[in-house]
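Okay, here's what each chain looks like letter by letter:
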Amino acid sequence: MLIDQALPLLGGLSPAQFMRRHWHKKPLLIRQAVPGVVPPVTRSQAFELAAREEVESRLIVHQPQPTARGKMAWKLRHGPIARTALPPLKTPGWTLLVQGLDLHVPAAHELLSRFRFVPEARLDDLMISYATEGGGVGPHLDSYDVFLLQVQGRRRWRIGPVADRTLVDGVPLKILANFEPQQEWVLEPGDMLYLPPMWGHDGVAEGGECMTCSIGFRAPSRGEMARELLQRLADIAADGADDEDPRQTRLYRDPTQPATNEPGRVPPALADFAAQAVREWLADPQALAMAVGENLSEPKRSVWFEPGQALAAGVAIELDARSKMLYDDQHVFINGESFRAGGRDARLMRRLADDRHLGAADVARLSAEAVGLLSEWAQAGWVRVAS
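Rules and cut-offs
Residues numbered from 1 in each chain as written. Predicted model: local features only at pLDDT ≥ 70, side-chain atom pairs only at ≥ 80, totals over all residues. Heavy atoms only, no water. Helix = DSSP H or I, 4+ residues; strand = E, 2+ residues; numbered from the N terminus. Buried < 20%, exposed > 50% of the residue type's maximum accessible area, 1.4 Å probe, protein only. Contact = heavy atoms within 4.5 Å. Areas by Shrake-Rupley, 256 points an atom, 1.4 Å probe, with all protein chains shown as cover. Pairing = 2+ DSSP bridges. Axes fitted to C-alpha atoms, helices over the stretch in contact; angles between N-to-C directions. Salt bridge = Lys/Arg side-chain N within 4 Å of Asp/Glu carboxyl O. Polar contact = N/O pair within 3.5 Å; in protein donor to acceptor, adjacent residues only side chain to side chain. Core = buried A, V, L, I, M, F, W, Y, C linked by side-chain atoms within 4.5 Å. Phe/Tyr/Trp six-rings, centres within 6.5 Å; stacked < 30°, edge-to-face > 60°. Parallel < 35°, antiparallel > 145°, perpendicular 65-115°, else oblique. Nonpolar A, V, L, I, M, F, W, Y, C, P; charged D, E, K, R; others polar. Patch = residues over 30% accessible without salt bridge, like charges linked within 9 Å, V, L, I, M, F, W, Y side chains within 5 Å. Lys, Arg positive; Asp, Glu negative; His and termini not counted.

(A) Layout of the overall build of the protein. Counting secondary structure elements, the protein contains 10 helices and 15 strands. Taking the principal axes of its C-alpha atoms as reference, the protein extends roughly 75 × 70 × 45 Å. For the protein, the proportion of its 387 residues judged to be buried stands at 43%. Expressed as a percentage of contacts within the protein between residues at least 6 apart in sequence, the contacts between residues at least 24 apart total 75%. Taken as a whole, the protein presents about 20,400 Å² of accessible surface, with 53% of it coming from carbon and sulfur.

What follows is the structure, given as structure tokens:
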């Protein structure tokens, strides 16, 4: 992708211009971002996916009549959801959400790949929303950037910054109680709306059933990232337990420890020893880089791979749609694992991560060790022979 080339997808902006002007800053409405768009799945296919155990799905039903407390009723059900459990198609006000569509449907994966001007580490997944007339999930906030692409029917969007984040009590969804939209549009098939994090938005199907694709981007919290990195650093430390690394073998010593009449108190020197042990691993740039890359390339818990076969000679390869491959200056990362890489092997592996495929001529240029690694990945189902 040429990041300085104007794209209809971004309303005539180049990826570089879009990222500079709008990303994480302000919304953008794009008419006919994808002219002639075809939904990546039919209604029936979306229903079939929602019924599968390995697919994340949710059913949201909005009862338009006020309850005894004067509030609109909302019901939420998590999948798998059998077709017989869905309301009738002519019943208004219900929505079916199917998450991670790109992991199961090639057309959805191709659609998601159009947004790879954003780093892969941030790209999350494509969710499809099927809604009957009046269906929606209520006014809400997302903590991540999102592109909302209309692929069938029409949806009315109301958006605005949110000063009051009070939520409606007693409902299973995080619905804003006092949402005051400032802008409103009806999106037709091919139209797209970009929203930065924490912009209030409310989308409602209008004129019949509709389908909307949501292209979302991962935004981990500091707490989440800290927990993951500390766990991975612990794993890295454990993997090196047999090494001569003094961080592994240095024992706590306290030759000046006096007798105590408070045996239950943690000795300050021992607490300092423990804190220093953690600081030493956090200060190791290579260990930290490995932990970061492994964490960011880790697939979701619901992702699973079908075992494949070792690679034959002379073939081109491509990453499986479910694989997440990243790199830094010294490592390549794939599906939560890290590998040291340098020289030609590193350059070619980075090309595989960027392009998600590698031609037969480039595969042949890899070292025997790198080809062996690719073959292991193929047997794990992470890469496959290019179609």
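(B) Representation of the sheet that holds strand β11 (residues 325-327) in the model. Judged by pairing direction, the sheet is antiparallel, and its 3 strands sit side by side in the order β11-β12-β13 without closing on themselves. Across the chains shown, the open sheet's two edge strands, defined by having one partner strand only, are β11 and β13 (337-340). Pairwise comparison of adjacent strand axes, ignoring direction, gives a mean angle of 20° for this sheet. Inspection of the sheet shows β11 paired to strand β12 (residues 331-334) by 3 bridges, in the antiparallel sense. Bridge pairing in β12 links Leu326 to Phe333.

(C) Looking closely at the pattern of salt bridges. Under the defined criterion, the tally for this structure stands at 21 salt bridges. Residues Lys300 and Asp124 are paired through a salt bridge, measuring 3.2 Å at the closest nitrogen-oxygen approach. In this pair, Lys300 is assigned in the loop between α7 (285-296) and β10 (317-319) and Asp124 in strand β5 (residues 123-131), connecting sequence segments 176 residues apart. With a relative accessible area of 35%, Lys300 lands in the partly exposed category. Note on Asp124: relative accessible area 30%, which makes it partly exposed.

(D) Geometry of the environment of Ser338. With respect to the helices and strands, the residue Ser338 is situated in strand β13. Polar side-chain contacts of Ser338 include one of 2.5 Å to the side chain of Glu294.

(E) Quick peek at the nonpolar core. Ranked by size, the top nonpolar core spans 44 residues in total, and within it Phe18, Leu101, Phe115, Phe147, Leu149 and Ile215 carry the most contacts. Contributions of two or more residues to this core are made by β1 (28-30), α2 (43-50), β4 (94-98), α3 (106-113), β5, β6 (146-161), β8 (192-195) and β9 (199-217). Counting residues in each nonpolar core, the second largest holds 24 residues, with Val315, Ile317, Leu366 and Trp377 among its members.

(F) Up close: the packing of aromatic side chains. In the structure shown here, the tally under the stated rule is 15 aromatic pairs. Ring centres of Trp23 and Phe217 lie 5.1 Å apart, and the angle between their planes is 85°; on these two criteria the pair is classed as edge-to-face. Placement of Trp23 in the loop between α1 (15-21) and β1 and of Phe217 in strand β9 is noted, with a sequence separation of 194 residues between them. Neither Trp23 nor Phe217 differs from the other in exposure class; each is buried. Ring centres of Phe47 and Tyr130 lie 5.4 Å apart, and the angle between their planes is 90°; on these two criteria the pair is classed as edge-to-face.

(G) Highlighting the side chain of Ser375. Note on placement: Ser375 falls in helix α10 (residues 368-380). Those residues within four positions of Ser375 in sequence are excluded, and the remaining contacts are Ala310 and Leu311.

(H) The packing of helix α8 (residues 343-355) against α10, seen in detail. α10 packs onto α8 with a crossing angle of 30° between their chain directions and a minimal axis gap of 11 Å. When the interaxial angle is binned, α8 and α10 end up roughly parallel. Residue-level inspection shows Asp345, Met349 and Leu352 of α8 in contact with α10, the latter providing Ala370, Leu374 and Trp377. Of the residues assigned to the contact of α8 with α10, the class counts are 5 nonpolar, no polar and 1 charged.

(I) Seen up close, a nonpolar patch on the surface. Taken together, Leu230, Val278 and Leu282 make up a surface patch of nonpolar side chains, about 240 Å² in accessible area. Judged by relative accessible area, Leu230 falls into the partly exposed class, the value being 44%.

(J) The arrangement of the side chain of Arg155 in detail. Within the fold, Arg155 resides in strand β6. Buried and without a salt bridge, Arg155 has Asp202 as its closest oppositely charged side chain, separated by 7.3 Å. Polar contacts involving the side chain of Arg155 include one to the side chain of Ser129, which spans 3.3 Å.

(K) Local environment of the pairing of β5. Of all 9 residues in β5, 8 are buried, a share of seventy percent or more. Where β4 lies against β5, 4 bridges are found, and the strand directions are antiparallel. When the sheet's bridge partners are listed, Leu97 is paired in β5 with Ser129. Here 8 bridges tie β5 to β9, and the two strands are oriented antiparallel to one another. Following the sheet pairing, Ser129 is matched in β9 by Thr212.

(L) Examining the environment of His140 more closely. By the element assignment, His140 lies in the loop between β5 and β6. In this structure, the C-alpha to C-alpha distance between His140 and Leu352, residues 212 residues apart in sequence, is 38 Å. Setting aside anything within four residues of it in sequence, one finds His140 in contact with Lys174, Leu176, Trp199, Gly200 and His201. Looking at His140, its side chain comes within polar contact range of the main-chain oxygen of Gly138, at 2.8 Å.

(M) Local environment of the sheet that holds strand β15 (residues 383-385). Pairing is antiparallel in the open sheet, where 3 strands are placed in the order β14-β10-β15. Whereas interior strands pair on both sides, the edge strands pair on one side only; in this sheet they are β14 (357-358) and β15. In this sheet, β14 lies alongside β10 in antiparallel orientation, the contact comprising 2 bridges. Residue pairing in the sheet places Glu318 in a bridge with His357 of β14.

No statement about biological role is implied by the geometric values presented.
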